[in-house]
Amino acid sequence: FRNPSTPEARKLTHPTWIRTLSAEGMASLYPAAALKAGVTTGLAVVNCAVTAKGEMSDCKVAREDPASQGFGAAGLEAAKVMAMNPWTKEGDPVDGLRIGLPIRFVWEGTTIEPTPPAPTKP
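Now for a quick tour of the structure. Within every chain, residues take consecutive numbers counted from 1 along the sequence as written. Local features in this predicted model are restricted to residues of pLDDT 70 or higher, and side-chain atom pairs are both shown and tallied only at a pLDDT of 80 or more, whereas totals for entire chains, interfaces and linings draw on every residue. Side-chain numbers come from the whole structure's heavy atoms, not from hydrogens or water.

## Some points on the nonpolar core
The condition that has to hold: Put simply, buried Ala, Val, Leu, Ile, Met, Phe, Trp, Tyr and Cys residues joined by side-chain atoms within 4.5 Å make one nonpolar core. Each residue's exposure class comes from its accessible area (1.4 Å probe, protein chains only) as a fraction of the maximum for that residue type: buried when under 20%, exposed when over 50%, partly exposed otherwise. Strands are runs of DSSP state E lasting at least two residues, helices are runs of H or I lasting at least four, and both sets are numbered from the N terminus onward. Should any heavy atoms of two residues lie within 4.5 Å, those residues are considered in contact.
Counting 24 residues, the largest nonpolar core has Tyr 30, Met 56, Leu 101, Ile 103 and Phe 105 as the members making the most contacts within it. For this core, the elements supplying multiple residues, two or more each, are helix H2 (32-36), strand E2 (41-50), helix H3 (71-81) and strand E5 (98-106). Contacts of Tyr 30, omitting those with residues within four sequence positions, involve Leu 35, Val 39, Thr 40, Thr 41, Gly 42, Phe 71, Phe 105, Val 106 and Trp 107.

Structure representation (structure tokens):
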């Protein structure tokens, strides 16, 4: 067992992902502000703690590119879906470790046109 009084030496370098987003899931999270601005690719880097179940928690946006287009918020939503094997290949638990997740968003669909307002009745 690891001595809890010594500094944390465990590093999370090669997680085995057991749940990620599908292409459809990523498309559903693509920021509307980015689409409206014609931005078809973006990056969010979120820093998260890993739970005993391998899920992401306490996530914070570390970086987003381009800024102010909603990719940070989309990255936080994407992280909620993701989960990794709760054990490393070396047999150590991942519980309590932190990970930086780079999440790349690429829009491959057509641009979403705003829905026209419903006709008003006279």
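## Some thoughts on unusual backbone geometry
In this structure, the amide linkage connecting Asp 65 to the following residue, Pro 66, adopts the cis form with an omega of 0 degrees. Following the sequence through the fold, Pro 66 ends up in the loop between strand E3 (56-65) and H3. Of note in this structure, Asp 58 is not a glycine but carries a positive phi near 50 degrees. With respect to the helices, strands and loops of the structure, Asp 58 is situated in strand E3.

## A few points about the environment of Asp 95
Test applied: In protein, a polar contact requires one atom able to donate a hydrogen and another able to accept it; more generally it is a pair of N or O atoms within 3.5 Å, and residues adjacent in sequence count only if both atoms are side-chain atoms.
With respect to the helices and strands, Asp 95 occurs in the loop between strand E4 (83-84) and E5. For the pair Asp 95 and Ala 49, spaced 46 residues apart in the sequence, the C-alpha separation amounts to 7.9 Å. Polar contacts involving the side chain of Asp 95 include one to the main-chain amide nitrogen of Ala 52, which spans 3.1 Å.

## Things to note about the pattern of salt bridges
Defined as follows: Salt bridge, as used here: a side-chain nitrogen of Lys or Arg that lies within 4 Å of a carboxyl oxygen of Asp or Glu.
Following the criterion strictly, the structure yields four salt bridges and no others. Residue Glu 55 pairs with Arg 19 through a salt bridge whose shortest N-O separation is 3.5 Å. Taken together, the positions of Glu 55 in the loop between E2 and E3 and Arg 19 in strand E1 (residues 17-19) put the pair 36 residues apart, joining distant regions of the chain. Between Lys 80 and Glu 77 there is a salt bridge, with its nearest N and O atoms 2.9 Å apart. Of this pair, Lys 80 and Glu 77 both sit in helix H3, three residues apart, which is roughly one turn of the helix. Exposure remark for Lys 80: the relative accessible area of 58% places this residue in the exposed category. You can call Glu 77 partly exposed: its relative accessible area is 36%. Members of the salt-bridge network, linked through shared partners, are Asp 58, Lys 60 and Arg 98.

## Quick word on the environment of Ala 44
Looking at the secondary structure, you find Ala 44 in strand E2. The class for Ala 44 is buried, based on a relative accessible area of 0%. In the structure, Ala 44 is positioned 17 residues away from Val 61 in sequence and 7.3 Å away in space, judged by C-alpha atoms. Once residues lying within four places of it in the same chain are set aside, the contact partners of Ala 44 are Arg 63, Glu 64, Phe 71, Gly 72, Gly 75, Leu 101, Pro 102, Ile 103 and Phe 105.

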